[in-house]
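Each chain is listed here by its residues.
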Amino acid sequence: MANITYISMSTVLLLFLALFIITTVNLVLRLFWDASLPPNLPWIGTGGQNSLRNRAKANLASILNLRELLDEGYRKYSKANQTYVLPYYINGPQVILPNSQIKWLLEQPDWVLSQERVNRQFLEADYTFLHANLVDGPVHPDIIQHQLTKKIGTFTDDIIEEANLCLEETWGLDTEEWREVKVYDTMLILIARLSTRVFIGLPLCRNPHFLKACSTFIRNVALAAAAISLFPGFLKPLVAPIFTLYDYIQYQKCCRFIMPIIQQRLSQLRDPEPGGKLYSQPSNDYIQWAIDHALAKPVINRMELDPRVLACRFSVLAFAAIQSSVITLTNTLFDLAASPECIASLTSMRDEVIRETTPTPASPDQPTKAVSTGSAWSKGSLARMTHVDSALRESLRLNGFIERGIMKMVVAPEGVTLPDGSHIPCGTKVGVSGYSIHHDEDIYPDANRYDAFRFARGQRGGADKKWPQALVNTSEKFLGFSHGSHACPGRFFAANQLKIALAHISLLYEIEPIRERPVNPWFFGHIGPPMSETLRVRRRAV
């Protein structure tokens, strides 16, 4: 018996040793890999000599100094209208096009260049999205476009109520003493409550255990994805469960709350209520949208009605809605606080919010319009809050949460020929860097300075007029939500809750200015916000 145990232990140790050696060799070889790219394309970070040694040094530099490589490549090649190769150790090199070729990039069909393939690889979605991968579109883009976006206005009063209550609880009501708050942590609570108020409603959106599970599920997806990507493809299915274990636990916690709701809704399909009505009061939340969407298809995919898929799709959507908005709002507050115009900017936004949400008294020659407090926060009034909108857009420009703007993968088996004549093979990533464009002094004067109302002043239009540029508007010069047909479909929902959140903060609170803005940490292509830094806030006296 002892001999059998000894042999078993030896086998396990040998297996781990073999896996370690295979992974190490894979990582070493990756340093020198050229991805079969044509030799005429220059590699940034190699000093102009694309030797094995220099390419290895450039790949190592991409781990901690990606921003410097981007700056050098943009200055040296993109501004000269040339294509270059950006070393990217984790996921392989990227071919970076000059800005003049963005139009060509967007014109390529999905069967030639795929943006979805890059997004999935970047997040290692085959492993980090769990059960949602059992169907196409884990984040449920159809629901985002056809339900969530169209129904934004119907949730405005709910979001406003949640914003007020949450800020009272996290930032307090004291109008005398300053209160030190962890910005990221409090904004995580705020955005989680606003998002889940829409996705699932009361009372779950105020349950702290449910909120924690929703807001921490794949919160560290960048770390898990980076760890998984270090392994050869055939080992990823073996190691992925280890790196996604924490997220799986959070998903299970989330399921404890939403699975009974899902089961109850699905049971109504099997046992409709008497009288022929399936639902006496149809629910207006994500779960119901997902069920109705699956049933509306000519051919029903039963997997879309699998409770595991519904639950995990909910969790993935919550992640997508919460994390990016929390980072954006956190960055905006630090950008405002560190700006020399902090107090003036908050005052301008507060005046704008008051102006746009205060009913205008009816004139003698016009009929009186009854306007309730809730309806004052309408789609139109939010759209007119151009200074609030600009403060968010400018922060997303200056301190976005990812460096890439548009990145696609060549999926055509024969590869693709770039406008400069270079032919790149299938599997190559090609695109433009949003970070580089957003920091271009020729596009944005004083590009490294936070100018809160840069976009409220707008750009020149017809008849020499200037029109404000809204947060949701994408272009070849603003890639915070990417651009083209694959621009983020959830940006309208995100912008809506971000504007409501920042509008309430500027209306109800003072923020003490700070001398220096905390630095945003880079982790490969991900750019995190200040995670533990604080600001001092105080409720405004009415």
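Relevant structure appears above.
Residues numbered from 1 in each chain as written. Predicted model: local features only at pLDDT ≥ 70, side-chain atom pairs only at ≥ 80, totals over all residues. Heavy atoms only, no water.

K.L.:
Got a minute to help me understand the overall build of the protein chain in this structure?
P.N.:
In terms of regular secondary structure, the protein chain is built from 21 helices and 14 strands. Each of the 542 residues in the protein chain was classed as buried or not, and the buried ones make up 51%. In the protein chain, once contacts between residues fewer than 6 apart in sequence are set aside, the share between residues at least 24 apart is 75%. For the protein chain, the exposed area adds up to about 25400 Å²; of that, 58% sits on carbon and sulfur atoms. (Helix = DSSP H or I, 4+ residues; strand = E, 2+ residues; numbered from the N terminus. Buried < 20%, exposed > 50% of the residue type's maximum accessible area, 1.4 Å probe, protein only. Contact = heavy atoms within 4.5 Å. Areas by Shrake-Rupley, 256 points an atom, 1.4 Å probe, with all protein chains shown as cover.)

K.L.:
How should I be thinking about unusual backbone geometry in this particular structure?
P.N.:
When glycine is set aside, most residues are seen to have a negative phi, and most peptide bonds are trans. The peptide bond linking Leu202 to Pro203 adopts the cis configuration, its omega dihedral lying at 0°. Among the structural elements, Pro203 can be located in the loop between helix 9 (183-199) and helix 10 (208-216). Here Ala35, not a glycine, exhibits a phi torsion of approximately 55°, which is positive. Relative to the helices and strands, Ala35 is located in the loop between helix 1 (2-32) and helix 2 (52-64). Residue classification places Ala35 among the buried positions, given a relative accessible area of 12%. Even without glycine at this site, Asn81 takes up a positive phi of about 65°. Locating Asn81 in the fold gives a position in the loop between helix 3 (66-76) and strand 1 (84-86). By relative accessible area, which is 45% here, Asn81 ends up partly exposed.

K.L.:
I'm lost on the pairing of strand 14 (residues 534-539) in this one. Help?
P.N.:
In summary, the side chains of a regular strand alternate between the two faces of the sheet. In this sheet, strand 14 lies alongside strand 4 (residues 179-182) in antiparallel orientation, the contact comprising four bridges. For Arg179, the partnering residue across the bridge sits in strand 14 and is Val537. (Pairing = 2+ DSSP bridges.)

K.L.:
Would you mind going over the pattern of salt bridges with me for this structure?
P.N.:
Note on pairing: side chains with opposite charge can pair once their charged atoms come close. Under the definition given, this model contains 25 salt bridges. A salt bridge links Asp442 to Lys79, with the nearest nitrogen and oxygen atoms 2.6 Å apart. On the criterion of sequence distance, the pair formed by Asp442 in the loop between helix 20 (434-438) and strand 9 (459-460) and Lys79 in the loop between helix 3 and strand 1 is long-range, its members being 363 residues apart. The partner of Asp158 in a salt bridge is Arg197, and the shortest N-O contact between them spans 3.2 Å. Residue Asp158 is located in helix 8 (residues 156-171), and its partner Arg197 is located in helix 9; the two are separated by 39 residues in the primary sequence. On the accessibility criterion, Asp158 (25% relative accessible area) is partly exposed. For Arg197, a relative accessible area of 8% translates into the label buried. Members of the salt-bridge network, linked through shared partners, are Asp158, Glu161, Glu162, Glu169, Arg193, Arg197 and Arg206. (Salt bridge = Lys/Arg side-chain N within 4 Å of Asp/Glu carboxyl O.)

K.L.:
Is there a simple way to explain the packing of aromatic side chains in this structure?
P.N.:
Any aromatic ring pair is given by two values, namely how distant the centres are and how the planes are angled relative to each other. Enumeration over the complete set of coordinates arrives at 13 aromatic pairs. On the basis of an interplanar angle of 80° and a centroid distance of 6.5 Å, the ring pair of Phe199 and Phe314 is categorised as edge-to-face. With Phe199 in helix 9 and Phe314 in helix 15 (residues 307-338), the pair connects residues that are 115 residues apart, well separated along the chain. Residue classification places Phe199 among the buried residues on the basis of a relative accessible area of 1%. Each ring, one from Phe210 and one from Phe257, has its centre 5.6 Å from the other, and the planes form 70°; the classification is edge-to-face. One end of the pair, Phe210, is in helix 10; the other, Phe257, is in helix 13 (residues 245-270), with 47 residues separating them in the sequence. Here Phe210 falls in the buried class, since its relative accessible area comes to 0%. The class for Phe257 is partly exposed, based on a relative accessible area of 24%. (Phe/Tyr/Trp six-rings, centres within 6.5 Å; stacked < 30°, edge-to-face > 60°.)

K.L.:
Explain the sheet that holds strand 3 (residues 113-114) here, please?
P.N.:
In a beta sheet, neighbouring strands pair by backbone hydrogen bonds and run either parallel or antiparallel. Strands sit in the order 1-2-8-5-3 across an open sheet of five strands; the sheet is mixed. Every interior strand has two partners, whereas the edge strands, strand 1 and strand 3, have only one. The strands that helix 3 touches are strand 1 and strand 8 (429-433); relative to strand 1, the one it contacts most, it runs at about 175°. Most of the contacts of helix 5 (residues 115-123) go to strand 5 (residues 404-410), to which it runs at about 105°, and overall it touches strand 3, strand 5 and strand 8. (Axes fitted to C-alpha atoms, helices over the stretch in contact; angles between N-to-C directions.)

K.L.:
Is there a simple way to explain the side chain of His504 in this structure?
P.N.:
Mapped onto the secondary structure, His504 falls in helix 21 (residues 491-508). Here Ile500 takes part through its backbone oxygen, which lies 2.8 Å from a polar atom of the side chain of His504. Among residues more than four places away in sequence, those in contact with His504 are Ile160, Ala163, Asn164, Leu167, Trp377 and Tyr509. (Polar contact = N/O pair within 3.5 Å; in protein donor to acceptor, adjacent residues only side chain to side chain.)

K.L.:
Honestly, the environment of Thr24 in this entry has me stumped. Any pointers?
P.N.:
Here Thr24 shows up in helix 1. Along the sequence, Thr24 and Pro232 sit 208 residues apart, while their C-alpha atoms lie 9.9 Å from each other.

K.L.:
Quick question: what am I supposed to make of the sheet that holds strand 11 (residues 509-511) here?
P.N.:
Strand order in the open sheet made by the three strands is 4-14-11, with antiparallel pairing throughout. Of all strands in the sheet, those with a lone pairing partner are strand 4 and strand 11, marking the two edges. Going from strand to strand, the sheet's axes swing by 40° on average, the running direction of each strand aside. Against the sheet, helix 9 contacts strand 4 and strand 14, and its axis sits at roughly 70° relative to strand 4. Most of the contacts of helix 21 go to strand 11, to which it runs at about 85°, and overall it touches strand 11 and strand 14.

K.L.:
Just checking my understanding: could you explain the pairing of strand 8 for this structure?
P.N.:
The buried fraction of strand 8 amounts to five of the five residues, a majority that puts the element mostly inside the structure. Where strand 2 (residues 94-96) lies against strand 8, three bridges are found, and the strand directions are parallel. Bridging across to strand 8, Val95 finds its partner in Val430. Direction of pairing for strand 5 relative to strand 8: antiparallel, over a ladder of five bridges.

K.L.:
What's the story with the environment of Leu333 in this structure? I'm lost.
P.N.:
When you line up the elements, Leu333 lands in helix 15. When the C-alpha positions of Leu333 and Ile505 are compared, they lie 9.5 Å apart, and in sequence the two are 172 residues distant. Excluding its chain neighbours within four sequence positions, the residues that come into contact with Leu333 are Trp171, Val183, Met187, Leu502, Ile505, Ile511 and Leu535.

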